[in-house]
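# Summary of the model geometry
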Protein chains: 2
Amino acid sequence: MGVLKLIGLGLSYKFITEIALNELRTSDVVYADTYTSLTCGDLISRLHQLGINPIPVGRDFIENNYKKILELLDQGKSVGIAVIGDPMIATTHISLVTEARTKGHQVSIIPGVSVHCYIISKSMLSSYKFGKSVTIISSTDYGKIDTTPYKVLKENLERNLHTIFYLEPNMSARDAVSLLLQMEKIEEQGIINEDSLIIVGQHLGCDDEEIVSLKIKEIAKYNLKSPPHIIIFPSKSLHYMEIEGLKWLMK
Amino acid sequence: MGVLKLIGLGLSYKFITEIALNELRTSDVVYADTYTSLTCGDLISRLHQLGINPIPVGRDFIENNYKKILELLDQGKSVGIAVIGDPMIATTHISLVTEARTKGHQVSIIPGVSVHCYIISKSMLSSYKFGKSVTIISSTDYGKIDTTPYKVLKENLERNLHTIFYLEPNMSARDAVSLLLQMEKIEEQGIINEDSLIIVGQHLGCDDEEIVSLKIKEIAKYNLKSPPHIIIFPSKSLHYMEIEGLKWLMK
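Anyway, here's the lowdown on the structure attached to this text.

Definitions and cut-offs
Residues numbered from 1 in each chain as written. Chains lettered and ligands numbered in written order. Predicted model: local features only at pLDDT ≥ 70, side-chain atom pairs only at ≥ 80, totals over all residues. Heavy atoms only, no water. Helix = DSSP H or I, 4+ residues; strand = E, 2+ residues; numbered from the N terminus. Rg over C-alpha atoms; globule rule 2.2 N^0.38 Å. Buried < 20%, exposed > 50% of the residue type's maximum accessible area, 1.4 Å probe, protein only. Phe/Tyr/Trp six-rings, centres within 6.5 Å; stacked < 30°, edge-to-face > 60°. Contact = heavy atoms within 4.5 Å. Buried area = accessible area lost by both parts, 1.4 Å probe. Salt bridge = Lys/Arg side-chain N within 4 Å of Asp/Glu carboxyl O. Polar contact = N/O pair within 3.5 Å; in protein donor to acceptor, adjacent residues only side chain to side chain. Nonpolar A, V, L, I, M, F, W, Y, C, P; charged D, E, K, R; others polar. Least-squares fit on C-alpha atoms with pLDDT ≥ 70 in both. Pairing = 2+ DSSP bridges. Axes fitted to C-alpha atoms, helices over the stretch in contact; angles between N-to-C directions. Core = buried A, V, L, I, M, F, W, Y, C linked by side-chain atoms within 4.5 Å.

All right, on to the overall build of chain A then. Within chain A, the regular secondary structure consists of nine helices and ten strands. Over its C-alpha trace chain A gives a radius of gyration of 20 Å, about what one expects of a compact globule, namely 18 Å for 251 residues. When the backbone C-alpha atoms are referred to their principal axes, chain A occupies close to 60 × 40 × 30 Å. Within the span of chain A, comprising 251 residues, buried residues form 58% of the whole.

Structure below.
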């Protein structure tokens, strides 16, 4: 029987762990799912430097079209799937895992530093006060705005919880807040306005990483980097230590 | 001016990242906060092997009694604080960070693989469906049971969210579920019973790590390892992929 390893690379080459490297090195074949998440361009070249030459594959290959992987497992091979961040957080490798296990193969999951905990850590906000997270998508099939992120935010705010908004890989924080303001116009619950404070994370884990706290109206004139971006919408009431922490992220 | 670095070591020696090692190596003085979290005993010896000899300190030194650290910063030194897991998640180093920054020192935070995201990743549950987390404490000053964890669970269940229960460092999953059942008797909301399914993580990140899903009544006869333990209480309604994932954790 084969061994399937889902290996978290962390957010960038600087966050690769000893165990991830060992598992990559001891795999017969390594695929790299570098399309689901963006990162600094140096991650794959760092792997090459370390003697690991993964086969780059797209999301579809890992999620739906993984016959090739199962064939290798059936041949008794060990197959490593290298994933930016953590292999099981905010991604969907579970159908591959399930299918491999059902066929009797061994599966091991190697967690890595994921953007979810990374932004919590860097935000200075209390990790105990984060509620449900949600992804902002640009538009639905019919061009209508999906207000799910707004509803999640409302429920979190009602419980005095912080909200992490994941953005689509190429969505900027500016586009995301514009969508949130449009959701406010549709839902009219009065929870988002131009004065709402948000935290924007840009290029997390990269050398030019930036985490800033600013009002939504300030984002229009703020010099944003290219995506990937991520946003935190803090709870209404903050502990004084959270306020102290946020002061250092203010622009 | 000095440089204060809060450096996440990850859950065990296998999860140390390149950046953590570099930051430890380039610090003039390294303190290790190894008392806040438990881990496999080999983390400090692994640091010694890597040429890093941290000064072990207790929680109080870092949280309240950090005059010595500020003195070193005032002398222009770089001071690394090595923390198991992630330095800002479920711990409280923020007052040290704030004081150092207020005095004009540079502060850098190096996230590590934290138990929070680690157990989400290993649980096979959807990371988007986790609500607020909470710590179960054995008893309050007056011997009365604090039912806060129960209330958090109830709110999460009402929104169909999963709940992570952190336990006190020496608390076993058996003691924790016993407390949860006592909270049920006090609050009487009918959300926890002997048939409730939970996920127990034991020795996460260590060679003898185990993650199992079992009913509360099964825990009495289950051969648990020593703490540290962590518990997930899943939401009532699960996606079919979550059910598939959970099957593999069943005992």
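Now for the packing of aromatic side chains. Tallied over the full model, the rule gives six aromatic pairs over all chains. Judged by centre distance (5.6 Å) and plane angle (85 degrees), the rings of Phe15 of chain A and Tyr118 of chain A are edge-to-face. Within this pair, whereas Phe15 of chain A is found in the loop between β1 (3-8) and α1 (18-25), its partner Tyr118 of chain A is found in helix α6 (residues 115-123), the two being separated by 103 residues in sequence. Residue classification places Phe15 of chain A among the buried positions, given a relative accessible area of 2%. When the centroid spacing of 5.0 Å and the interplanar angle of 45 degrees are considered together, the rings of Tyr31 of chain B and Phe61 of chain B count as tilted. You can see Tyr31 of chain B sitting in strand β2 (residues 29-33) and its partner Phe61 of chain B sitting in helix α3 (residues 59-63), a full 30 residues away along the chain. Across this residue pair, the class does not change: Tyr31 of chain B and Phe61 of chain B are buried.

Listed per partner, the contact involves 51 residues of chain A and 51 residues of chain B. Carbon and sulfur atoms make up 61% of the surface buried where chain A meets chain B, a total of about 4500 Å² over both sides. When residues of chain A are sorted by the area they lose upon contact with chain B, Glu18, Tyr128 and Arg159 of chain A head the list and together hold 17% of the total. Counting across the interface, chain A meets chain B through four salt bridges. For Glu18 of chain B, the salt bridge goes to Arg46 of chain A, with nearest N and O atoms at 3.1 Å. Here chain A and chain B share 18 residue pairs in polar contact (both at pLDDT 80 or more) between them. Of all the secondary structure elements, the ones that give two or more residues to the side of chain A that touches chain B are α1, α5 (94-102), β5 (106-110), α6, β6 (134-136), α7 (148-158) and α9 (240-247) of chain A. Its residues assigned to classes, the side of chain A that touches chain B shows 26 nonpolar, 14 polar and eleven charged.

Another aspect to go through is the relation of the copies chain A and chain B. With an RMSD of 0.0 Å, the operation that places chain A on chain B is a rotation of 180 degrees combined with a shift of 0.0 Å along the axis. Those values place the two copies in the arrangement expected of a two-fold rotation axis.

A word on the sheet that holds strand β3 (residues 55-57) of chain A. Residues and elements named next belong to chain A. Ordered by their spatial adjacency, five strands build an open sheet running β3-β2-β4-β1-β5, and the pairing between neighbours is parallel. Only two strands of the sheet have a single partner each, and these edge strands are β3 and β5. Averaged over all pairs of adjacent strands, the angle between strand axes in this sheet comes to 20 degrees, irrespective of strand direction. By the bridge criterion, five bridges tie strand β2 (residues 29-33) to strand β4 (residues 78-83) in an arrangement that is parallel. Residue pairing across strands places Val29 opposite Val79, the latter belonging to β4. Contacting β1, β4 and β5, α5 runs over the sheet at an angle of about 155 degrees to β1.

As a further point, take the pattern of salt bridges. Residue and element names in this part refer to chain A. Under the criterion given, the structure shown has 20 salt bridges over all chains. When the shortest N-O distance is used, the salt bridge between Lys14 and Asp207 registers 2.9 Å. Here the residue Lys14 occupies a position in the loop between β1 and α1, and Asp207 occupies one in the loop between β8 (197-202) and β9 (210-215), the gap between them amounting to 193 residues.

Let us now look at the nonpolar core. Within the largest apolar cluster, 72 residues are counted, with the highest numbers of intra-cluster contacts made by Leu24 and Ile164 of chain A together with Leu24 and Ile164 of chain B. The contacts of Leu24 of chain B, once residues within four sequence positions are left out, are Ile7, Leu9, Val30, Leu47, Ile52 and Ala82 of chain B.

This next bit is on the side chain of His203 of chain B. With respect to the helices and strands, the residue His203 of chain B is situated in the loop between β8 (197-202) and β9 (210-215). Side-chain polar atoms of His203 of chain B contact the backbone oxygen of Ser226 of chain B, separated by 2.8 Å.

Turning to the sheet that holds β2 of chain B, a few remarks are in order. Residues and elements named next belong to chain B. An order of β3-β2-β4-β1-β5 is seen for the five strands of this open sheet, with the pairing classed as parallel. Each edge of the open sheet is held by one strand with a lone partner, namely β3 (55-57) and β5 (106-110). Across the sheet, the mean angle separating the axes of adjacent strands is 20 degrees when strand polarity is ignored.

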